[in-house]
Amino acid sequence: MFTVELYAKIRRAVMVEGLSRREAARRFGVHRNTIAKMLQFSIPPGYRRRERPLSKKLGPYMAWIDAVIEGDRSVHKKQRHTAHRIFERLRDERGFSGGYTIVREYVAQATLRTREMFVPLSHRPGHAQADFGEADGYIAGKKVRFHYFCMDLPHSDGCFVKAYPAETAEAFCDGHVAAFDFFGGVPQSILYDNTRLAVAKIVKASGAKNAQRLRSQMFAELQSHYLFDDRFGRPGKGNDKGKVEGLVGYTRRNFMTPLPVADSFDALNARFRDACTKRRQAILRGHTITIGERLQADAAAFMLLPPVPYDACHKVATRVSSLSLVRYRNNDYSVPTRYGHQEVLVKGYVERVEIACRGETIAVHARSYTTADFISNPLHYLALLEHKSRALDQAAPLDGWQLADCIHRLRRLMEARMGNAGRREFIQVLRLMENFHQYQVEHAVTEALRLGAISFDAVKMLLLARLENRPARLDLTFYPYLPAATVGTTDPRAYLGLIASPGLIPSAERISA
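Residues numbered from 1 in each chain as written. Predicted model: local features only at pLDDT ≥ 70, side-chain atom pairs only at ≥ 80, totals over all residues. Heavy atoms only, no water.

Would you mind showing me how to read the overall build of the protein chain here?
Of regular secondary structure, the protein chain possesses 18 helices and 15 strands. Its C-alpha atoms give the protein chain a radius of gyration of 44 Å, more than 25% over the compact-globule value 24 Å for 513 residues. For the C-alpha atoms alone, the extent of the protein chain along its principal axes is close to 185 × 55 × 45 Å. Looking at the 513 residues of the protein chain, the share that counts as buried comes to 38%. Summed over its atoms, the accessible surface of the protein chain is roughly 32,000 Å², and 52% of this surface lies on carbon and sulfur atoms. Taking the average location of the 76 positive side-chain charges in the protein chain and that of its 53 negative ones, the two points are 12 Å from each other. (Helix = DSSP H or I, 4+ residues; strand = E, 2+ residues; numbered from the N terminus. Rg over C-alpha atoms; globule rule 2.2 N^0.38 Å. Buried < 20%, exposed > 50% of the residue type's maximum accessible area, 1.4 Å probe, protein only. Areas by Shrake-Rupley, 256 points an atom, 1.4 Å probe, with all protein chains shown as cover. Lys, Arg positive; Asp, Glu negative; His and termini not counted. Charge placed at Lys NZ, Arg CZ, Asp CG, Glu CD.)

How should the nonpolar core be read in this particular structure?
Within soluble globular proteins, side chains that are nonpolar tend to cluster in buried spots. By size, the foremost hydrophobic cluster in this structure holds 52 residues, and its most contacted members are Tyr148, Phe149, Met151 and Phe228. Listing elements by their share of this core, those giving two or more residues are strand 1 (127–139), strand 2 (142–153), strand 3 (158–164), helix 7 (169–183), strand 4 (189–192), helix 8 (217–226), helix 9 (242–254) and helix 10 (265–279). Looking at this core, the element that brings in the most residues is helix 7, giving 10 residues. Beyond its immediate chain neighbours, meaning those up to four positions away, Phe228 contacts His176, Phe180, Val186, Pro187, Gln188, Ile190, Tyr192, Phe219, Leu222, Gln223 and Met303. With 27 residues, the next largest nonpolar core counts Ala395, Leu403, Val429 and Leu449 among its residues. (Core = buried A, V, L, I, M, F, W, Y, C linked by side-chain atoms within 4.5 Å. Contact = heavy atoms within 4.5 Å.)

Honestly, the environment of Thr290 in this entry has me stumped. Any pointers?
Take Thr290: it is sitting in the loop between helix 10 and helix 11 (291–301). When its relative accessible area of 16% is taken as the criterion, Thr290 is described as buried. A C-alpha to C-alpha distance of 6.5 Å links Thr290 and Arg280, two positions 10 residues apart in sequence. Aside from chain neighbours lying at most four places away, what touches Thr290 is Arg280, Gln281, Ala282 and Ile283.

I would appreciate a short explanation of the sheet that holds strand 14 (residues 360–366) in the present structure.
Two pairing modes exist for strands in a sheet, parallel and antiparallel, and in both the strands are linked by backbone hydrogen bonds. Taken in spatial order, the 4 strands make up an open sheet running 9-12-13-14, and their pairing is antiparallel. The two strands at the open ends of the sheet, each matched to only one other strand, are strand 9 (314–319) and strand 14. Here the strands of the sheet are splayed against their neighbours by 25° on average, with no regard to which way each runs. (Pairing = 2+ DSSP bridges. Axes fitted to C-alpha atoms, helices over the stretch in contact; angles between N-to-C directions.)

Explanation requested: a nonpolar patch on the surface in the structure shown.
On the surface, Tyr138, Leu259 and Val261 cluster together into a nonpolar patch covering about 250 Å² of accessible area. On the secondary structure map, Val261 appears in strand 8 (residues 261–262). (Patch = residues over 30% accessible without salt bridge, like charges linked within 9 Å, V, L, I, M, F, W, Y side chains within 5 Å. Salt bridge = Lys/Arg side-chain N within 4 Å of Asp/Glu carboxyl O.)

Where do I start with the pattern of salt bridges in this structure?
Any two side chains of opposite charge can pair, on the condition that their charged atoms come close. Scanning the entire structure with this criterion turns up 29 salt bridges. Measuring nitrogen to oxygen at the nearest pair gives 3.8 Å for the salt bridge that ties Asp181 to Arg273. Of this pair, Asp181 sits in helix 7 while Arg273 is found in helix 10, placing the two residues 92 residues apart along the sequence. Relative accessible area serves as the criterion here: at 33%, Arg273 is assigned to the partly exposed category. For Arg215, the salt bridge is made with Asp230, and the minimal N-O distance between the two is 2.7 Å. Residue Arg215 is found in strand 6 (residues 212–215), and its partner Asp230 is found in strand 7 (residues 229–232); the two are separated by 15 residues along the sequence.

Looking at this structure, how should I read the packing of helix 2 (residues 21–28) against helix 3 (residues 32–40)?
Packed helices, taken two at a time, are described by the angle between their axes plus the distance between the axes. Axis separation between helix 2 and helix 3 bottoms out at 9 Å; the angle between their running directions is 105°. Between helix 2 and helix 3, the angle falls in the class roughly perpendicular. Counting all contacts with helix 2, which are made through Arg21, Arg22, Ala24 and Ala25, the residues of helix 3 involved are Arg32, Ile35, Ala36 and Leu39. Among the residues forming the contact of helix 2 with helix 3, the class breakdown is 5 nonpolar, no polar and 3 charged. (Parallel < 35°, antiparallel > 145°, perpendicular 65-115°, else oblique. Nonpolar A, V, L, I, M, F, W, Y, C, P; charged D, E, K, R; others polar.)

When you look at helix 5 (residues 83–93) in this model, what are you seeing that I'm missing?
Side chains three or four residues apart in an α-helix point the same way, a direct result of the helix having 3.6 residues per turn. Listed as buried for helix 5 are Ala83, Ile86, Phe87, Arg89 and Leu90. The arc that holds the buried residues of helix 5, viewed along the axis, is 165°, so those residues lie on one side. On its buried face, helix 5 sits against helix 4 (62–71) and helix 6 (100–114). (Arc of directions from axis to C-beta.)

Right, here's the structure in full:
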């Protein structure tokens, strides 16, 4: 290998001083062909080979190796051939007698040729990308793995993030509703992957180039409500929506590191919302203005929000069981017993479950994300317990119902005085909580115990008197079953009659005696 200094000396001697190539070869001790090459290049060009020579041993097997690598493109990444596995198959199945090194080098080159290339993209204002991510955190003192919805605006890099207990269809739609409200408008189009939350099925007809996507029911309703256009990437190609994929990772590294701690999902989402707003002040690489300033172009291209937001809930029609329970997502929720065996509509929201019958909401429960859970309201069963009072102590819906000590004391006194009738009257006192707050009923019971008025009527009268801000006086018009007492007006003539009647008024002599 000749140095650059030798190149410079030989080139100057021949090209400047006029020395012949034969004389230069003799003076510098190099071959004349080398002198000719040095005159062509100012620096050593190095070793150059136009094309790697084909291996005589591997040549007959190259087509087979190419076919294996091409077939691996449709196989799961963790089950694709390695170079060593290809070498073993060549040796065992094809009788290959060469070494592993030439196989490894050829597989590396062939794999490099199949790697996908990408085109830099520009993004017009008014469009978005959406996806879900997952992370760990502490919610209400418990470590949980939660899912978070991300919406990215590729033109301005504006972002929105909201966390949910689970990645469900109602959370997917609720994330859209919250994002549209945060941005103040509806994007013209949104790009997704082929999540089942949006795509129920991909159908490809015979002879058709493009597959047809059948939208899920909730997503179709959401799209009809906001009228945005949906676009979908290729199955298994996350790079088709690279902006939101990057946002999922960015928020996990910056918004959720270290592990977030919050009292509730509402508190956690309030923190994420503030972080998204704060990020608008950033100036990203390749830009000279902030995200917030670029967001103005997106806002100008957005569609207007509808007057009413979409009701993001999962609807299921079902029937109430004989236990006055409705099953939704493998959990049982109670309803008032008077709706037993009737058809109802269950609306599953992110944070609650509403149950309606004939257009009327009959029960609302906090949603449970566990499995085979029993969520009940004790008030739903009091009407039935009034007729089946013997089941009061074993009623499962009443387990864990926190009542004041005065309530338990009232029950003991009622049952001691009236037996089973006292138990039924105690349940009537509990039923007051169907229409009044628990603390109001407990206050009335405390007052009744102080006065020694141990009865349902007394508790109800004291409760109403306190609410109406009036003295606790018994109004007999509310109790028509009680016997009425009539008190007449005294006539003065009756007194005169008493005086005139002998024997009724004692004589003066008897008085003096």
